[in-house]
Amino acid sequence: MQYDVIVIGGSFAGLSAAMQPARARRKLLVIDAGEPRNRFAEHSHGYLGQDGRTPSAILDEARRQLLAYPTARMVTGRAERATAAGNGFEVRTDSGEIFEATRLVLASGVRDILPNVPGLAEFWGRKVLHCPYCHGYEVAGGPLGVLVTGPMSMHQAELISDWGDVTLFGNGLFEPDADQVRILEKRRIRFEPAPVIEMQDDYSGGLIIRLAGGRNVGVRAVFTAPRNEMASPLADQLGCAFNEGPLGQAIAVDDKQQTSVPGVFAAGDAARLMHNIAFAVSGGAMAGVAAHQSLVFG
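The notes below deal with the structure included here. (Residues numbered from 1 in each chain as written. Predicted model: local features only at pLDDT ≥ 70, side-chain atom pairs only at ≥ 80, totals over all residues. Heavy atoms only, no water.)

We now examine the overall build of the protein. Within the protein one finds seven helices and 19 strands. Here the protein has a C-alpha radius of gyration of 21 Å; the compact-globule value for 298 residues is 19 Å, and the two agree. Across its three principal directions, the C-alpha atoms of the protein cover 65 × 35 × 35 Å. Taking all 298 residues of the protein together, 49% fall into the buried category. Carbon and sulfur atoms make up 50% of the accessible area of the protein, which amounts to about 14300 Å² in all. With 28 positive and 32 negative side-chain charges, the protein shows a separation of 5 Å between the mean positions of the two kinds. (Helix = DSSP H or I, 4+ residues; strand = E, 2+ residues; numbered from the N terminus. Rg over C-alpha atoms; globule rule 2.2 N^0.38 Å. Buried < 20%, exposed > 50% of the residue type's maximum accessible area, 1.4 Å probe, protein only. Areas by Shrake-Rupley, 256 points an atom, 1.4 Å probe, with all protein chains shown as cover. Lys, Arg positive; Asp, Glu negative; His and termini not counted. Charge placed at Lys NZ, Arg CZ, Asp CG, Glu CD.)

This is the structure we're talking about:
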């Protein structure tokens, strides 16, 4: 079956993009692998009208609303290959199915490359966090940690000190220079240079950070900025251009979410350097509108 638009990824950006051509009565397919980036988070915060709901509950309702439109369809699977074909594109999934569309929207997101600290992955999305605007309020008012992963960690520590008393854990990777020491002192941020050996549950809502040398530091939560990689190879296969950011690549798009490849749009975490549900939904809506308008106006 030939679709007008295929959206790769059925999380916040993808479903927002899909809603626009579906409401324009265009044949629309969403291919979703069922692995949203924020599946580890217990609650979503800072998204207007949905504060405190679980990400899965928000997505379940969004899927229900999308599929109420008769021209919309969703399939579960991983899109593994995308190529130009005729006047459009061909997408092959991991089950061997092949779908064709005139326009593509890439909204498959990014994958977090977590720091190699024992125990950290177990608490990712719950007590080890990335975005203070998404989770900072819930852990505010007490001791917080920032785990160094790279140059962005100083900026992250400065920012998060608005939410609590911050300790910047250098993890043996970072030593502040004189200017950075002055910034840390100004923001009352403590610095721990020793490598982090392990993160453990303190069984009272926080974490114990075990340091080389035998010392332990208790915190309510740890923030860190892991590097990202594309969760899907499709943008690279199609020849889309990328922008380099401090934490990884993002698909290069214009103000209408059009990539460097005509007919291919991108939205969500894969297409911007700052990540947030509200941003993903906004970018998805623009990508869906622009994809539809390109069908009308060429």
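Picking up where we left off.
Moving on: the environment of N171. Tracing the backbone shows N171 in the loop between strand 10 (165-169) and helix 5 (178-186). Measuring from C-alpha to C-alpha, the distance between N171 and T149 comes to 8.5 Å, with 22 residues separating the pair along the chain.

Another point: the sheet that holds strand 15 (residues 221-224). An order of 8-15-9-10-11 is seen for the five strands of this open sheet, with the pairing classed as parallel. The open sheet is flanked by strand 8 (128-129) and strand 11 (190-192), the only strands paired with a single partner. Summarising the sheet, strand 9 (residues 143-147) and strand 15 pair through four bridges and their orientation is parallel. In the sheet register, V146 faces strand 15, and the bridge partner there is F223. Sitting on the sheet, helix 4 (residues 152-160) is in contact with strand 9, strand 10 and strand 15, with an inclination near 165° to strand 9. (Pairing = 2+ DSSP bridges. Contact = heavy atoms within 4.5 Å. Axes fitted to C-alpha atoms, helices over the stretch in contact; angles between N-to-C directions.)

Glancing now at helix 1 (residues 12-23). The end-to-end C-alpha separation of helix 1 is 17 Å, in line with the 16 Å expected for twelve residues at 1.5 Å each. In terms of burial, helix 1 is largely enclosed, as ten of its twelve residues are buried. Those residues of helix 1 that are buried are in contact with strand 1 (2-8), strand 2 (28-32), helix 2 (55-67), strand 3 (72-76), strand 6 (98-106) and helix 7 (277-297). Residue R25 follows helix 1 closely and has a positive phi angle near 65°. (Expected span 1.5 Å × (residues − 1).)

The strand order 12-13-14 describes an open sheet built from three strands, whose pairing is antiparallel. One side of each edge strand has no neighbouring strand; the edge strands of this open sheet are strand 12 (196-201) and strand 14 (216-219). Across the sheet, the mean angle from the axis of one strand to that of its neighbour is 20°, orientation sign disregarded. One ladder, built from five bridges, connects strand 12 with strand 13 (residues 207-211); its direction is antiparallel. Across the sheet, residue Q200 finds its bridge partner in strand 13, namely I208.

Here we take up the packing of aromatic side chains. Per the counting criterion, the structure on display carries four aromatic pairs. Residues F12 and Y47 carry aromatic rings whose centres are separated by 6.3 Å and whose planes lie at 90° to one another, so their mutual orientation is edge-to-face. Taken as a pair, F12 in helix 1 and Y47 in the loop between strand 2 and helix 2 lie far apart in primary sequence, 35 residues in all. With relative accessibility at 8%, the residue F12 sits in the buried group. (Phe/Tyr/Trp six-rings, centres within 6.5 Å; stacked < 30°, edge-to-face > 60°.)

You can see D112 is positioned in strand 7 (residues 110-113). At a separation of 2.6 Å, a polar atom in the side chain of D112 contacts the side chain of R37. Engagement of the side chain of D112 in a polar contact is seen with the side chain of N228, the distance being 3.0 Å. If we ignore the near neighbours within four places in the chain, the residues touching D112 are R37, W124, P226, R227 and N228. (Polar contact = N/O pair within 3.5 Å; in protein donor to acceptor, adjacent residues only side chain to side chain.)

Here we come to the pattern of salt bridges. By the definition in use, this model includes twelve salt bridges. Across the pair D60 and R63 runs a salt bridge, and its minimum N-O distance is 2.4 Å. Of this pair, D60 and R63 both sit in helix 2, separated by three residues, roughly a single helical turn. Note on D60: relative accessible area 44%, which makes it partly exposed. (Salt bridge = Lys/Arg side-chain N within 4 Å of Asp/Glu carboxyl O.)

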